[in-house]
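# Secondary and tertiary structure notes
Single-letter residue listing:
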Amino acid sequence: MPNASSWSTSSPLLLLWEDSPGTRILLSLLYAALAISGTLSNVMVIYLVFSFKKLQTTSNAFIVNGCAADLSVCALWMPQEAVLGLLPPNSSSLRSAEYRLLRGGLLGLGLTVSLASHLLVAFNRYVLITKLPSVYQALYQRRRTAAMIGLSWLLALLLLPLLPGLWAPARQPPAGRAADHDAGPRYTALLLALAVLGHTALLLHCYLGIVRRVRGSAKRVSVLNFHLLHQLPFPAAPPRRAQRRLSSVSVLLLCCVFLLGTQPLAWLSLLAFFLPPAPPALHAASWLLLCALSALNPLLYTWRSEEFRRAARSVLP
(Lines give C-alpha, C1' and ligand atoms only; values in the text may rest on other atoms or scores of the structure.)
Protein backbone atom coordinates (compact mmCIF):
# COMPACT_ATOMS: atom_id res chain seq x y z
CA MET A 1 0.00 0.00 0.00
CA PRO A 2 1.55 3.36 -0.95
CA ASN A 3 2.29 5.87 1.73
CA ALA A 4 0.79 9.36 1.81
CA SER A 5 3.63 10.90 -0.16
CA SER A 6 3.42 8.45 -3.08
CA TRP A 7 -0.37 8.73 -2.98
CA SER A 8 -0.15 12.44 -3.77
CA THR A 9 2.14 12.09 -6.77
CA SER A 10 1.24 8.83 -8.50
CA SER A 11 -2.49 8.43 -8.04
CA PRO A 12 -4.31 8.10 -11.38
CA LEU A 13 -7.47 9.34 -9.73
CA LEU A 14 -7.52 12.92 -8.61
CA LEU A 15 -9.29 11.93 -5.40
CA LEU A 16 -8.26 8.50 -4.26
CA TRP A 17 -5.62 5.79 -4.54
CA GLU A 18 -6.67 2.19 -4.06
CA ASP A 19 -4.64 -0.94 -4.74
CA SER A 20 -7.75 -3.11 -4.83
CA PRO A 21 -9.01 -3.55 -8.42
CA GLY A 22 -12.55 -4.05 -7.13
CA THR A 23 -12.53 -0.72 -5.31
CA ARG A 24 -11.06 1.07 -8.32
CA ILE A 25 -13.76 -0.37 -10.57
CA LEU A 26 -16.42 0.65 -8.06
CA LEU A 27 -15.06 4.20 -7.98
CA SER A 28 -14.99 4.34 -11.76
CA LEU A 29 -18.62 3.21 -11.91
CA LEU A 30 -19.52 5.86 -9.34
CA TYR A 31 -17.80 8.55 -11.39
CA ALA A 32 -19.56 7.30 -14.53
CA ALA A 33 -22.97 7.37 -12.84
CA LEU A 34 -22.41 10.87 -11.50
CA ALA A 35 -21.12 12.03 -14.88
CA ILE A 36 -24.17 10.72 -16.77
CA SER A 37 -26.79 11.88 -14.28
CA GLY A 38 -25.12 15.24 -13.68
CA THR A 39 -24.63 15.96 -17.38
CA LEU A 40 -28.22 15.09 -18.25
CA SER A 41 -29.72 17.10 -15.40
CA ASN A 42 -27.57 20.17 -16.00
CA VAL A 43 -28.20 20.12 -19.75
CA MET A 44 -31.93 19.68 -19.14
CA VAL A 45 -32.10 22.73 -16.86
CA ILE A 46 -30.15 24.87 -19.35
CA TYR A 47 -32.37 23.70 -22.22
CA LEU A 48 -35.60 24.40 -20.34
CA VAL A 49 -34.54 27.90 -19.34
CA PHE A 50 -33.52 28.81 -22.89
CA SER A 51 -36.65 27.20 -24.39
CA PHE A 52 -39.39 28.59 -22.14
CA LYS A 53 -39.81 32.33 -21.72
CA LYS A 54 -41.47 31.99 -18.32
CA LEU A 55 -38.28 30.44 -16.98
CA GLN A 56 -36.04 33.26 -18.23
CA THR A 57 -35.76 35.08 -14.91
CA THR A 58 -32.87 36.60 -13.02
CA SER A 59 -32.74 33.83 -10.45
CA ASN A 60 -32.74 31.19 -13.19
CA ALA A 61 -29.91 33.03 -14.96
CA PHE A 62 -27.74 32.37 -11.90
CA ILE A 63 -28.93 28.76 -11.82
CA VAL A 64 -27.96 28.33 -15.49
CA ASN A 65 -24.56 29.82 -14.69
CA GLY A 66 -24.10 27.19 -12.00
CA CYS A 67 -25.24 24.44 -14.36
CA ALA A 68 -22.70 25.54 -16.97
CA ALA A 69 -19.98 25.38 -14.31
CA ASP A 70 -21.19 21.98 -13.12
CA LEU A 71 -20.92 20.67 -16.68
CA SER A 72 -17.18 21.33 -16.46
CA VAL A 73 -17.12 18.81 -13.61
CA CYS A 74 -19.76 16.31 -14.75
CA ALA A 75 -19.25 16.30 -18.53
CA LEU A 76 -15.51 17.00 -18.80
CA TRP A 77 -13.75 15.93 -15.60
CA MET A 78 -15.73 12.97 -14.20
CA PRO A 79 -15.62 10.87 -17.42
CA GLN A 80 -11.83 11.15 -17.42
CA GLU A 81 -11.66 9.98 -13.83
CA ALA A 82 -13.95 7.06 -14.64
CA VAL A 83 -11.63 5.95 -17.45
CA LEU A 84 -8.36 6.63 -15.63
CA GLY A 85 -9.49 4.58 -12.67
CA LEU A 86 -9.52 1.49 -14.90
CA LEU A 87 -5.98 2.00 -16.19
CA PRO A 88 -2.95 0.43 -14.45
CA PRO A 89 -1.25 2.76 -11.96
CA ASN A 90 2.01 2.77 -13.97
CA SER A 91 0.35 3.90 -17.20
CA SER A 92 2.43 6.56 -18.95
CA SER A 93 -0.63 8.71 -19.64
CA LEU A 94 -1.18 9.12 -15.91
CA ARG A 95 2.26 10.55 -15.21
CA SER A 96 1.93 13.60 -17.44
CA ALA A 97 2.10 16.73 -15.27
CA GLU A 98 0.37 18.77 -17.98
CA TYR A 99 -2.54 16.35 -18.15
CA ARG A 100 -2.96 16.35 -14.36
CA LEU A 101 -2.90 20.15 -14.43
CA LEU A 102 -5.60 20.20 -17.12
CA ARG A 103 -7.85 17.88 -15.12
CA GLY A 104 -7.27 19.90 -11.97
CA GLY A 105 -8.05 23.11 -13.84
CA LEU A 106 -11.37 21.75 -15.11
CA LEU A 107 -12.34 20.67 -11.61
CA GLY A 108 -11.20 23.87 -9.92
CA LEU A 109 -12.89 26.15 -12.45
CA GLY A 110 -16.18 24.29 -12.29
CA LEU A 111 -16.33 24.04 -8.50
CA THR A 112 -15.37 27.68 -7.93
CA VAL A 113 -18.00 29.08 -10.30
CA SER A 114 -20.58 26.61 -8.98
CA LEU A 115 -20.04 27.75 -5.39
CA ALA A 116 -20.21 31.40 -6.47
CA SER A 117 -23.49 30.67 -8.26
CA HIS A 118 -24.93 29.14 -5.08
CA LEU A 119 -24.29 32.41 -3.29
CA LEU A 120 -25.66 34.52 -6.16
CA VAL A 121 -28.90 32.52 -6.15
CA ALA A 122 -29.23 32.77 -2.37
CA PHE A 123 -28.64 36.52 -2.31
CA ASN A 124 -31.05 37.03 -5.21
CA ARG A 125 -33.83 35.23 -3.37
CA TYR A 126 -33.01 37.01 -0.13
CA VAL A 127 -33.39 40.42 -1.76
CA LEU A 128 -36.54 39.27 -3.55
CA ILE A 129 -38.26 38.22 -0.33
CA THR A 130 -36.96 40.71 2.23
CA LYS A 131 -36.68 43.93 0.20
CA LEU A 132 -39.14 46.09 -1.68
CA PRO A 133 -39.85 45.19 -5.34
CA SER A 134 -38.33 48.50 -6.46
CA VAL A 135 -35.05 47.64 -4.71
CA TYR A 136 -34.97 44.22 -6.35
CA GLN A 137 -35.66 45.55 -9.82
CA ALA A 138 -33.04 48.30 -9.45
CA LEU A 139 -30.36 45.89 -8.24
CA TYR A 140 -31.01 43.13 -10.73
CA GLN A 141 -31.06 44.96 -14.01
CA ARG A 142 -29.83 42.97 -16.98
CA ARG A 143 -26.39 44.58 -17.14
CA ARG A 144 -25.78 44.13 -13.44
CA THR A 145 -26.90 40.52 -13.58
CA ALA A 146 -24.51 39.85 -16.47
CA ALA A 147 -21.72 41.58 -14.54
CA MET A 148 -22.32 39.35 -11.50
CA ILE A 149 -22.12 36.24 -13.68
CA GLY A 150 -18.97 37.49 -15.39
CA LEU A 151 -17.33 38.24 -12.04
CA SER A 152 -17.95 34.68 -10.87
CA TRP A 153 -15.90 33.35 -13.81
CA LEU A 154 -13.24 36.03 -13.41
CA LEU A 155 -12.84 35.13 -9.74
CA ALA A 156 -12.47 31.45 -10.66
CA LEU A 157 -9.79 32.25 -13.24
CA LEU A 158 -7.87 34.35 -10.71
CA LEU A 159 -7.98 31.55 -8.13
CA LEU A 160 -7.08 28.83 -10.61
CA PRO A 161 -3.27 29.11 -10.11
CA LEU A 162 -3.76 28.45 -6.39
CA LEU A 163 -5.73 25.24 -6.78
CA PRO A 164 -3.29 22.56 -8.06
CA GLY A 165 -1.67 22.24 -4.61
CA LEU A 166 -5.01 21.28 -3.10
CA TRP A 167 -5.65 18.07 -5.00
CA ALA A 168 -3.41 16.06 -2.66
CA PRO A 169 -3.96 15.86 1.11
CA ALA A 170 -1.49 17.37 3.53
CA ARG A 171 1.50 15.17 4.31
CA GLN A 172 3.74 14.68 7.25
CA PRO A 173 7.34 15.82 6.56
CA PRO A 174 9.85 12.96 6.17
CA ALA A 175 12.65 12.48 8.66
CA GLY A 176 15.33 15.13 8.42
CA ARG A 177 13.16 17.64 6.57
CA ALA A 178 11.82 20.87 7.94
CA ALA A 179 8.30 20.73 9.20
CA ASP A 180 7.21 23.60 6.96
CA HIS A 181 8.34 22.24 3.57
CA ASP A 182 4.67 22.07 2.54
CA ALA A 183 3.88 25.50 3.97
CA GLY A 184 2.73 26.87 0.59
CA PRO A 185 0.00 24.29 -0.07
CA ARG A 186 -0.97 24.26 3.62
CA TYR A 187 -1.51 28.02 3.69
CA THR A 188 -3.38 27.87 0.39
CA ALA A 189 -5.64 25.14 1.77
CA LEU A 190 -6.19 27.22 4.93
CA LEU A 191 -7.17 30.34 2.99
CA LEU A 192 -9.56 28.49 0.70
CA ALA A 193 -11.08 26.61 3.65
CA LEU A 194 -11.77 29.95 5.34
CA ALA A 195 -13.21 31.26 2.07
CA VAL A 196 -15.59 28.29 1.83
CA LEU A 197 -16.66 28.72 5.46
CA GLY A 198 -17.28 32.42 4.90
CA HIS A 199 -19.23 31.62 1.73
CA THR A 200 -21.31 29.12 3.70
CA ALA A 201 -22.04 31.65 6.45
CA LEU A 202 -23.34 34.17 3.88
CA LEU A 203 -25.46 31.54 2.16
CA LEU A 204 -27.01 30.37 5.43
CA HIS A 205 -27.69 33.97 6.44
CA CYS A 206 -29.63 34.52 3.20
CA TYR A 207 -31.69 31.32 3.36
CA LEU A 208 -32.41 31.48 7.08
CA GLY A 209 -33.47 35.08 6.60
CA ILE A 210 -35.93 33.88 3.95
CA VAL A 211 -37.26 31.21 6.31
CA ARG A 212 -37.76 33.72 9.11
CA ARG A 213 -39.55 36.15 6.82
CA VAL A 214 -41.83 33.53 5.26
CA ARG A 215 -42.74 31.91 8.57
CA GLY A 216 -42.99 35.07 10.59
CA SER A 217 -44.98 37.32 8.30
CA ALA A 218 -47.39 35.74 5.85
CA LYS A 219 -48.86 39.19 5.29
CA ARG A 220 -45.51 40.54 4.11
CA VAL A 221 -45.12 37.68 1.64
CA SER A 222 -48.63 38.30 0.31
CA VAL A 223 -47.75 41.94 -0.34
CA LEU A 224 -44.80 40.76 -2.43
CA ASN A 225 -47.03 38.59 -4.64
CA PHE A 226 -46.00 40.07 -7.98
CA HIS A 227 -44.73 38.51 -11.20
CA LEU A 228 -41.12 38.02 -10.01
CA LEU A 229 -42.10 35.57 -7.27
CA HIS A 230 -42.30 32.58 -9.60
CA GLN A 231 -38.48 32.60 -9.51
CA LEU A 232 -38.59 30.94 -6.10
CA PRO A 233 -38.25 27.15 -5.78
CA PHE A 234 -41.30 27.03 -3.49
CA PRO A 235 -44.71 28.76 -3.28
CA ALA A 236 -43.76 32.31 -2.30
CA ALA A 237 -47.13 33.49 -0.98
CA PRO A 238 -48.56 30.54 0.93
CA PRO A 239 -51.75 31.38 2.80
CA ARG A 240 -51.76 28.29 4.98
CA ARG A 241 -49.47 27.25 7.82
CA ALA A 242 -48.81 23.82 6.28
CA GLN A 243 -47.61 25.42 3.05
CA ARG A 244 -45.32 27.82 4.94
CA ARG A 245 -43.88 24.85 6.83
CA LEU A 246 -43.26 22.97 3.55
CA SER A 247 -41.51 26.03 2.10
CA SER A 248 -39.22 26.22 5.13
CA VAL A 249 -38.46 22.51 4.91
CA SER A 250 -37.51 22.92 1.23
CA VAL A 251 -35.04 25.69 2.02
CA LEU A 252 -33.58 23.82 4.98
CA LEU A 253 -33.19 20.67 2.86
CA LEU A 254 -31.26 22.64 0.25
CA CYS A 255 -29.00 24.04 2.98
CA CYS A 256 -28.42 20.59 4.49
CA VAL A 257 -27.39 19.06 1.16
CA PHE A 258 -25.08 21.99 0.49
CA LEU A 259 -23.49 21.67 3.93
CA LEU A 260 -23.01 17.93 3.49
CA GLY A 261 -21.20 18.51 0.22
CA THR A 262 -18.93 21.39 1.23
CA GLN A 263 -18.18 21.27 4.95
CA PRO A 264 -16.23 17.99 5.28
CA LEU A 265 -13.47 19.20 2.94
CA ALA A 266 -13.44 22.72 4.38
CA TRP A 267 -13.05 21.51 7.96
CA LEU A 268 -10.51 18.83 7.06
CA SER A 269 -8.40 21.46 5.31
CA LEU A 270 -8.76 23.83 8.24
CA LEU A 271 -7.89 21.23 10.87
CA ALA A 272 -4.96 19.90 8.81
CA PHE A 273 -3.26 23.26 9.27
CA PHE A 274 -3.15 22.78 13.06
CA LEU A 275 -3.32 18.99 13.50
CA PRO A 276 -1.79 15.94 11.81
CA PRO A 277 -3.35 15.35 8.37
CA ALA A 278 -6.42 13.16 8.06
CA PRO A 279 -6.16 9.71 6.46
CA PRO A 280 -6.02 9.91 2.64
CA ALA A 281 -9.27 7.95 2.30
CA LEU A 282 -11.13 10.49 4.46
CA HIS A 283 -9.65 13.38 2.53
CA ALA A 284 -10.64 11.70 -0.74
CA ALA A 285 -14.20 11.06 0.47
CA SER A 286 -14.60 14.75 1.30
CA TRP A 287 -13.49 15.68 -2.23
CA LEU A 288 -15.92 13.17 -3.68
CA LEU A 289 -18.82 14.70 -1.70
CA LEU A 290 -17.96 18.13 -3.02
CA CYS A 291 -17.78 16.90 -6.61
CA ALA A 292 -21.06 14.96 -6.27
CA LEU A 293 -22.75 18.26 -5.45
CA SER A 294 -22.31 19.26 -9.11
CA ALA A 295 -24.64 16.44 -10.14
CA LEU A 296 -27.25 17.30 -7.48
CA ASN A 297 -27.40 21.08 -7.92
CA PRO A 298 -29.97 21.10 -10.78
CA LEU A 299 -32.39 19.00 -8.75
CA LEU A 300 -31.90 21.09 -5.62
CA TYR A 301 -32.99 24.27 -7.37
CA THR A 302 -35.79 22.97 -9.58
CA TRP A 303 -37.61 20.11 -7.84
CA ARG A 304 -39.98 22.45 -5.96
CA SER A 305 -40.60 24.78 -8.90
CA GLU A 306 -43.95 24.18 -10.60
CA GLU A 307 -42.76 26.12 -13.65
CA PHE A 308 -39.81 23.77 -14.12
CA ARG A 309 -41.94 20.69 -13.59
CA ARG A 310 -44.51 21.90 -16.11
CA ALA A 311 -41.80 22.68 -18.66
CA ALA A 312 -40.14 19.30 -18.12
CA ARG A 313 -43.43 17.45 -18.59
CA SER A 314 -43.98 19.26 -21.90
CA VAL A 315 -40.66 18.05 -23.39
CA LEU A 316 -40.23 14.61 -21.80
CA PRO A 317 -42.21 11.69 -23.23
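Keep in mind the model is a prediction, meaning the values are calculated, not measured.

### Focus on the packing of aromatic side chains
The final tally for this structure, using the stated rule, is 4 aromatic pairs. An angle of 85 degrees between the planes, with centres 5.7 Å apart, marks the rings of Y31 and W77 as edge-to-face. Remark: W77 occurs in helix α3 (residues 58-84) and Y31 occurs in helix α2 (residues 21-51); sequence separation between them is 46 residues. The same class applies to Y31 as to W77, namely buried. Grouping aromatic residues by their ring pairs yields a cluster made of F62, Y136 and Y140.

### With respect to the pattern of salt bridges
Two side chains carrying opposite charge are able to pair once their charged atoms lie near each other. Across all of its chains, the model carries 5 salt bridges by this definition. Here R103 and E81 are joined by a salt bridge, their closest N and O atoms 2.8 Å apart. Residue R103 is found in helix α4 (residues 97-130), and its partner E81 is found in helix α3; the two are separated by 22 residues along the sequence. The same class applies to R103 and to E81, which are both buried. One salt bridge in this structure joins R310 and E306, with 3.7 Å as the shortest N-O distance. Residue R310 and its partner E306 are both found in helix α11 (residues 306-315); the two are separated by 4 residues, about one turn of the helix. A relative accessible area of 32% means that E306 is categorised as partly exposed.

### Focus: the environment of V127
By the element assignment, V127 lies in helix α4. Since its relative accessible area comes to 4%, V127 is described here as buried. When the C-alpha atoms of V127 and Q137 are compared, they prove to be 9.8 Å apart, with 10 residues separating the residues in sequence. Leaving out residues up to four positions away in the same chain, V127 has contacts with Y136, L139 and Y140.

### With respect to the environment of T57
Secondary-structure assignment places T57 in the loop between α2 and α3. Within the local environment of T57, its side chain forms a polar contact with the side chain of N60, the two groups lying 3.2 Å apart.

### Some details on α11
For α11, the set of buried residues is F308, A311 and A312. Each buried residue of α11 lies within a common arc of 100 degrees when the element is viewed along its axis, so the set occupies one face. Buried residues belonging to α11 abut α2, α3 and α10 (280-302).

### Structural notes on the nonpolar core
Membership of the largest hydrophobic core comes to 38 residues, with the highest contact counts inside it found for Y207 and Y301. Elements that contribute at least two residues to this core include exactly α2, α3, α4, α7 (183-216), α9 (241-274), α10 and α11. The leading source of residues in this core is α4, at 8 residues. Here Y207 is in contact with V121, A122, R125, V251, L254, C255 and Y301, once residues within four sequence places are set aside. Core analysis: the next-biggest nonpolar cluster, separate from the first, contains 18 residues, L106, L265, L288 and L290 among them.

### Points about the confidence of the model for the protein chain
Mean pLDDT over the protein chain: 78, with 74% of residues reaching 70 or higher. Element-level mean pLDDT values for the protein chain span from 39 in helix α1 (residues 4-10) up to 93 in helix α6 (residues 142-159). With pLDDT under 50 throughout, residues 1-12 is counted as low confidence; its partners more than four residues away or in other chains account for 29 contacts. A low-confidence stretch, residues 219-240 (pLDDT under 50), is modelled with 56 contacts involving residues beyond four sequence positions or located in other chains.

### Side note on a nonpolar patch on the surface
A cluster of nonpolar residues, W267, L271, F274 and L275, forms a patch on the protein surface that exposes about 450 Å² of accessible area. Among the secondary structure elements, L271 is positioned in helix α9.

Calculation criteria
- Residues numbered from 1 in each chain as written.
- Predicted model: local features only at pLDDT ≥ 70, side-chain atom pairs only at ≥ 80, totals over all residues.
- Heavy atoms only, no water.
- Phe/Tyr/Trp six-rings, centres within 6.5 Å; stacked < 30°, edge-to-face > 60°.
- Helix = DSSP H or I, 4+ residues; strand = E, 2+ residues; numbered from the N terminus.
- Buried < 20%, exposed > 50% of the residue type's maximum accessible area, 1.4 Å probe, protein only.
- Salt bridge = Lys/Arg side-chain N within 4 Å of Asp/Glu carboxyl O.
- Contact = heavy atoms within 4.5 Å.
- Polar contact = N/O pair within 3.5 Å; in protein donor to acceptor, adjacent residues only side chain to side chain.
- Arc of directions from axis to C-beta.
- Core = buried A, V, L, I, M, F, W, Y, C linked by side-chain atoms within 4.5 Å.
- pLDDT = per-residue confidence, 0-100.
- Patch = residues over 30% accessible without salt bridge, like charges linked within 9 Å, V, L, I, M, F, W, Y side chains within 5 Å.
- Areas by Shrake-Rupley, 256 points an atom, 1.4 Å probe, with all protein chains shown as cover.

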